[in-house]
Amino acid sequence: MPAWEEVITRARTIDDHYAMREPAQKYLFTLAMALPKGAVIVELGVANGKTAAILAMAAMEIDAEYIGIDVFPLGTSEVRRSLDTLGLHYTLLASHTHTAPWDASKKIDLLIIDAGHDEANVGPDCKIWLPRVKSGGIVVFDDWYEDPTKTHCHWAVGYYGRQATQGWIELDPKYTDARIFQKP
Ligand SMILES: C[S@@+](CC[C@H](N)C(=O)[O-])C[C@H]1O[C@@H](n2cnc3c(N)ncnc32)[C@H](O)[C@@H]1O
């Protein structure tokens, strides 16, 4: 397994604006490296591709597949250039997460929900994408916040995430604001 320091040093060549925090990225990398050969890793919300690079590095190591989905308001070429410079294999879908093409027979091992954090985005993301996770697969929500008053800007992540993962096993990374659940 490549050393985390080596992985994060390579990933730091990519702009981390909007990216998950490094402790969460480290936890994700560990999760990804433990997946079986042929695993499918999907990230909703790619931004500049820093987390994508980390997941794609893990995917290449274990012979898995990384797929990132984003509307990419500025286009994909800059993100592709960053990932190509690192010599990574990846698939980027320039699409809204609610309408991205998906082969219904393809089941996901690791799903990262980090696109739109408001009700209109994350609610449907949970409804559409969680059924695509295989039994034993994992979902990671970044920027999780549970707020019964619904005033925090990320309340919908915790609200819809909690609803959609009823009966799932919560894994506890302790040191990030990401929340991680395993499908029974
Ligand atoms: C927080 S950033 C993603 C950060 C990335 N996961 C990382 O760690 O580097 C959110 C991204 O989601 C995208 N986005 C927001 N809502 C979306 C939607 N419904 N469909 C596709 N992309 C969306 C935005 O364009 C933005 O790039």
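Residue numbers restart at each chain and count upward from 1, following the sequence in its written direction. Only residues with pLDDT of at least 70 get local features here, since the model is predicted, and only at 80 or more are side-chain atom pairs given and counted; chain-wide, interface and lining totals rely on the full set of residues. In computing side-chain values, all of the structure's heavy atoms are included and hydrogens and water are not.

## A word on the site of the ligand
The immediate surroundings of the ligand are formed by 18 residues, with E43, G45, T51, D70 and D114 found nearest. In the analysis that follows, any N or O atom pair within 3.5 Å is treated as a polar contact, provided that within protein one partner can donate a hydrogen and the other can accept it, and provided that, for residues neighboring in sequence, both atoms belong to side chains. Note that an oxygen atom of the ligand is positioned 2.9 Å from one of the backbone N or O atoms of M20. Shrake-Rupley sampling with a 1.4 Å probe provides the accessible areas, and residues are treated as covered by the protein chains on show and by no other component. Protein contact buries 88% of the 610 Å² of open area that the ligand shows by itself. For the shell around the ligand, a count of residues per class yields eight nonpolar, seven polar and three charged. Throughout, the term near means that a residue has one or more heavy atoms lying within 4 Å of the molecule or strand in question. Polar here means any residue outside two lists: the nonpolar Ala, Val, Leu, Ile, Met, Phe, Trp, Tyr, Cys and Pro, and the charged Asp, Glu, Lys and Arg; Gly therefore counts as polar.

## A look at unusual backbone geometry
Even without being glycine, Y18 reaches a positive phi, approximately 75 degrees. With respect to the secondary-structure elements, Y18 resides in the loop between α1 (4-11) and α2 (22-33). Unlike most non-glycine residues, A47 shows phi in positive territory, near 50 degrees. Note that A47 resides in the loop between β1 (40-44) and α3 (50-62). Classification of residues uses two cut-offs on accessible area relative to the type maximum, computed with a 1.4 Å probe and protein chains only: under 20% is buried, over 50% is exposed, and between them is partly exposed. Here A47 falls in the partly exposed class, since its relative accessible area comes to 28%. Secondary structure is summarised from DSSP: a helix means a run of H or I of at least four residues, a strand means a run of E of at least two, and numbering begins at the N terminus for each.

## Some thoughts on the packing of α2 against α3
Angles shown run from 0 to 180 degrees and are taken between the N-to-C directions of axes, each axis being a line fitted to C-alpha atoms and, for helices, limited to the stretch in contact. One can describe the packing of α2 onto α3 by two numbers: an axis separation of 9 Å at closest approach and a directional angle of 20 degrees. Regarding the angle of α2 to α3, the classification is roughly parallel. When the axes of α2 and α3 are compared, the crossing they make is right-handed. Two secondary-structure elements touch here, α2 through E22, Q25, L28, F29, A32 and M33 and α3 through K50, T51, I54, L55, A58, E61 and I62. For the contact of α2 with α3, the per-class residue count stands at eight nonpolar, two polar and three charged. Angles are sorted into four bins: roughly parallel if under 35 degrees, roughly antiparallel if over 145, roughly perpendicular if 65 to 115, and oblique for all others. Two helices cross in a left-handed way if the nearer one is turned anticlockwise from the farther one by less than a right angle. They cross in a right-handed way if the turn is clockwise. Contact between two residues is taken to exist if any of their heavy atoms lie within 4.5 Å; hydrogens are not considered.

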